[in-house]
Amino acid sequence: MVLVSVMLGLILSSEFFILPKFKSTAVIYPANLTPYGNETATEQMLQLLQSADLRKNICDKFNLAREYNVNLSKPGGESTLYSMFNENVDIRRTEFESVKIDVYDTNPVIACQIVDSLIELMNLKARTLQRSKTLEVVKLLKDELDFKRAQIDSLENALRYLRLNFGLLDYYIQSKEALKRYYKLITSGSGSKDKLKELDVIMKNLEEKGAESVSLKQMHQKAYETFSEIRVSYDKALSDSRKILTYANVVAKPYPADRKSTPVRWVIITICAVASFVFALLVIVFIENKERFTKFE
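Treat the numbers as computed from the prediction; the structure is a model and nothing was measured. (Residues numbered from 1 in each chain as written. Predicted model: local features only at pLDDT ≥ 70, side-chain atom pairs only at ≥ 80, totals over all residues. Heavy atoms only, no water.)

Which residues make up the overall build of the protein chain, and what are the values?
Along the protein chain, the regular secondary structure elements total nine helices and four strands. The linear arrangement of helices and strands in the protein chain, starting from the amino end, is α-β-α-α-α-α-β-β-α-α-α-β-α. The burial tally for the protein chain puts 31% of its 297 residues in the buried class. A separation of at least 24 residues holds for 77% of the contacts in the protein chain among residues at least 6 apart in sequence. (Helix = DSSP H or I, 4+ residues; strand = E, 2+ residues; numbered from the N terminus. Buried < 20%, exposed > 50% of the residue type's maximum accessible area, 1.4 Å probe, protein only. Contact = heavy atoms within 4.5 Å.)

Which residues make up the pattern of salt bridges, and what values go with them?
A complete count under the given rule lists 11 salt bridges for this structure. We note a salt bridge from Asp143 to Lys139, for which the minimum N-O separation is 3.3 Å. Of the two residues, Asp143 and Lys139 both sit in helix H6 (residues 108-166), four residues apart, roughly one turn of that helix. Linking Asp235 and Arg231 is a salt bridge whose minimum nitrogen-to-oxygen distance equals 3.1 Å. Linking Asp235 with Arg231, this pair stays in helix H8 (residues 193-241), spanning four residues, or about one helical turn. Accessibility expressed as a relative area gives 37% for Asp235, which makes it partly exposed. Overall, the relative accessible area of 36% leaves Arg231 in the partly exposed class. Among the charged side chains, a salt-bridge network with shared partners connects Asp90, Arg92 and Asp102. (Salt bridge = Lys/Arg side-chain N within 4 Å of Asp/Glu carboxyl O.)

How would you summarise the environment of Tyr68 if you had to cite specific residues and measurements?
Assignment of secondary structure puts Tyr68 in the loop between helix H4 (64-67) and helix H5 (77-88). C-alpha separation for the pair Tyr68 and Phe85, spaced 17 residues apart in sequence, amounts to 8.6 Å. With sequence-adjacent residues up to four places away left out, Tyr68 is seen in contact with Leu81, Met84, Phe85 and Asn88.

Talk me through the packing of aromatic side chains; I want residue IDs and the actual numbers.
A ring pair, where both rings are aromatic, is described by two values, the distance of the centres and the angle of the planes. All chains considered together, the criterion is met by zero aromatic pairs. Above the face of the Tyr82 ring, Arg55 is positioned so that its terminal group lies 4.1 Å from the ring centre. (Phe/Tyr/Trp six-rings, centres within 6.5 Å; stacked < 30°, edge-to-face > 60°. Lys NZ or Arg CZ within 6 Å of the ring centre and 35° of its normal.)

I'd like a rundown of the pairing of strand S3 (residues 99-105), residues and numbers included.
With five of seven residues buried, S3 lies mostly within the body of the structure. Sheet topology places strand S1 (residues 22-30) next to S3; seven bridges connect them, and they run antiparallel. For Ala26, the partnering residue across the bridge sits in S3 and is Ile101. In the sheet, strand S2 (residues 89-93) pairs with S3 via five bridges, with the strands oriented antiparallel. Directly across from Ile91, in S3, lies its bridge partner Ile101. (Pairing = 2+ DSSP bridges.)

Report on the sheet that holds strand S4 (residues 248-252), specifying residues and quantitative values.
As summarised here, the arrangement of the four strands in space is S2-S3-S1-S4, forming an open sheet in which the pairing is antiparallel. Two strands lie at the open edges of the sheet, namely S2 and S4, each paired on one side alone. For this sheet the average axis-to-axis angle between neighbouring strands, irrespective of direction, equals 25°. Its contacts with the sheet put H6 on S1, S2, S3 and S4, and the angle it makes with S3 is roughly 140°. (Axes fitted to C-alpha atoms, helices over the stretch in contact; angles between N-to-C directions.)

Requested: an account of the nonpolar core, with residues and values cited.
Core analysis: the biggest nonpolar cluster contains 33 residues, and Leu49, Leu64, Ile101, Leu118 and Met122 have the highest contact counts within it. Of all elements in the fold, only S1, helix H2 (41-49), helix H3 (52-61), H4, H5, S2, S3 and H6 reach the threshold of two or more residues within this core. Ile152, Leu216, Phe227 and Ala237 belong to the second largest nonpolar core, which has 14 residues in total. (Core = buried A, V, L, I, M, F, W, Y, C linked by side-chain atoms within 4.5 Å.)

Before we move on, could you go through unusual backbone geometry and cite the residues and values that matter?
The residue Asn63 is not glycine, and still its phi comes out positive at about 50°. As for its placement among the helices and strands, Asn63 is situated in the loop between H3 and H4. Residues other than glycine seldom take positive phi values, yet Glu97 does so here, at roughly 65°. Structurally, Glu97 can be placed in the loop between S2 and S3.

Account for the layout of surface pockets, with residues named and values stated.
Rolled over the atoms, a probe with the dimensions of a water molecule shows which regions are left empty. Reported here for the largest pocket is a volume of approximately 160 Å³. Along the walls of the largest pocket sit 10 residues, with Lys21, Glu67, Tyr68, Met84 and Thr106 positioned nearest its centre. Residue contributions to the lining of the largest pocket peak at three residues, all from H5. Residues that form the lining of the largest pocket fall into these classes: three nonpolar, three polar and four charged. (1 Å grid on protein atoms, 1.4 Å probe; cavity = no way out; pocket = protein on both sides within 12 Å on 5 of 7 lines; lining within 4 Å. Points joined across faces, edges and corners; volume = space filled by probe spheres on them. Nonpolar A, V, L, I, M, F, W, Y, C, P; charged D, E, K, R; others polar.)

Break down H3 for me, with residues and values.
Because the α-helix completes a turn every 3.6 residues, residues three or four places apart line up on one side. Those residues of H3 that fall on the buried side of the exposure criterion are Leu54, Ile58 and Cys59. The buried residues of H3 all sit within an arc of 135° when viewed along its axis, so they share a single face. Each element contacted by the buried residues of H3 is listed here: H2, H4, H5 and H6. At the exit of H3 stands Asn63, carrying a positive phi of roughly 50°. (Arc of directions from axis to C-beta.)

Next comes the structure, spelled out in structure tokens:
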């Protein structure tokens, strides 16, 4: 009986009953990812790899519905497909904070390509998400730049008006020079009425518009400094939005397996042999006990 079970195990584990599957594996570490909240970069990468859109892209790209013999037109076909996908694609975090990807397929080349595609699509998804956030920052900084530029233009127009209509260039220097000139004209006694009148207009302008000129100059300087700081941040954000980064360091690259991973024939044969032996033993015990009970009666 045991011999028969071994032969049966050999037959059942053959390719006629169970298609052999080949495993392709990759180990990756996160890179250039910005975690949200309390999550780690590894957890974020794991969520990206396990996202529904990546799974759908892989199923569509490799036509896994046909590979798994799933009819998507039937009710529950998509759920069946994704269930079988999860059985053949194992993505998990390791104790070393890396992520291990195991893919099983009847074709070793396809298994390797699925692993590569998962990493590629994860990079693309992470880049898209990060670029989207960066572009939001770029737009925000651009709006601040436009606001500051308009403010600076307005202040420069106000200063130009004071310069053209009141001759105010630099309040402190002009005030100092005007006082020197005034005292010189008074003490020398050589000041004509026209010169004194011209000087009086200058001093009057300084008195009436000087404070406004100083205030406008201070505001202009502060606005220009702020504009320069925002411009630095804007240029950096714009540069970041144009970068093409990868988000996974592949420490163990996938490759097409040269031998199958499942089914493990010796395990199936062993289970059949052990089950047969145990069953035979139970039958023998039952027969012996039955004869003993018959004699007792």
